[in-house]
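# Secondary and tertiary structure notes
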Amino acid sequence: MQKITKYKKNITSLVVLTLVLMVSGASCKKEQETGTLYGINTDKVSGEPVKGVNVELLSTDYKAQTGTDGWYKFTEVEMGEYELQVSKQSYSFVKKQVTVQNNSVRGDAQIEQVPTFQYNGHTYMVAPEAEEHMILTYAHYSYCQNLSQYGYSDWRLPTIEELQQMYIDKDNIGGFQDKVYWSSTYSRNVSSGDLYYCVLFSNGNVQEALPSSFLRVRPIRVEK
């Protein structure tokens, strides 16, 4: 009887030990399946750290905003492939793939300050000027709608009012020539026929042009 009791005790001890080892092993495994993702966000032109950058690891709850040093850090991130999103108002929009391993992984990003202007309570981003003169239809339906710049793809031609504001702020925006630029606004002058407004950037004069005219193009987008 004593032998049977002793045998049962040994079995019980063995089961308990096995469970302890399993739990311990699972705990170690869990620790090994997480890592740290950190990095710095810098200005693409100056190379300096950028403050106030929103950093998000998509499909997770990890979010941060950089301080004056431009750094962020996410700890205990499960191992795997992620998409890192970096954004700041009036800067380029960046998405990049990162692989988190069971150690510390860097995810740096460079962002570029975008030319902007203010109009009617909104902030507008301004894309670089197109290299070629364009007819209106091509500028609107092909060039602007297919443009991907600074990480954004919702570019369009400015209205005549927006284009006039761009002329007022042209020195701050930069990159303009003393040429005529398209707007997307149809002429309100009935006697003018099928014409669209445009602006001569040497003096700010509003003009009218046929859609078949070859003019300069400077796309814009409204910051959300």
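Look a little higher up for the structure.
My aim in this report is to walk through the structure given alongside it, one point at a time. In this text, all values refer to a predicted model and were calculated from it rather than measured experimentally.

Thresholds, definitions, all that
- Residues numbered from 1 in each chain as written.
- Predicted model: local features only at pLDDT ≥ 70, side-chain atom pairs only at ≥ 80, totals over all residues.
- Heavy atoms only, no water.
- Pairing = 2+ DSSP bridges.
- Helix = DSSP H or I, 4+ residues; strand = E, 2+ residues; numbered from the N terminus.
- Axes fitted to C-alpha atoms, helices over the stretch in contact; angles between N-to-C directions.
- Polar contact = N/O pair within 3.5 Å; in protein donor to acceptor, adjacent residues only side chain to side chain.
- Contact = heavy atoms within 4.5 Å.

A sheet is described by the order of its strands in space; here four strands give the open sequence β3-β2-β5-β6, paired in antiparallel fashion. A strand with exactly one partner marks an edge of an open sheet, and here the two such strands are β3 (63-65) and β6 (94-100). Along the sheet, successive strands turn relative to each other by an average axial angle of 20°, direction set aside. One ladder, built from three bridges, connects strand β2 (residues 54-57) with β3; its direction is antiparallel. For Glu 56, the partnering residue across the bridge sits in β3 and is Lys 63.

What follows deals with the sheet that holds strand β12 (residues 196-200). Strand-to-strand pairing in sheets goes through backbone hydrogen bonds, with the strands running parallel or antiparallel. Taken in spatial order, the three strands make up an open sheet running β11-β12-β13, and their pairing is antiparallel. The two strands at the open ends of the sheet, each matched to only one other strand, are β11 (180-186) and β13 (205-209). When strand polarity is set aside, the average angle formed by the axes of neighbouring strands in this sheet is 35°. In terms of strand pairing, β12 meets β13 through five bridges, oriented antiparallel.

So, about the side chain of Glu 162. Topologically, Glu 162 is positioned in helix α3 (residues 160-168). Here Tyr 124 takes part through its side chain, which lies 3.0 Å from a polar atom of the side chain of Glu 162. Here Thr 159 takes part through its backbone nitrogen, which lies 2.8 Å from a polar atom of the side chain of Glu 162. With near-sequence residues (within four places) excluded, Glu 162 lies in contact with Phe 117, Tyr 119, Tyr 124, Arg 156 and Ile 220.

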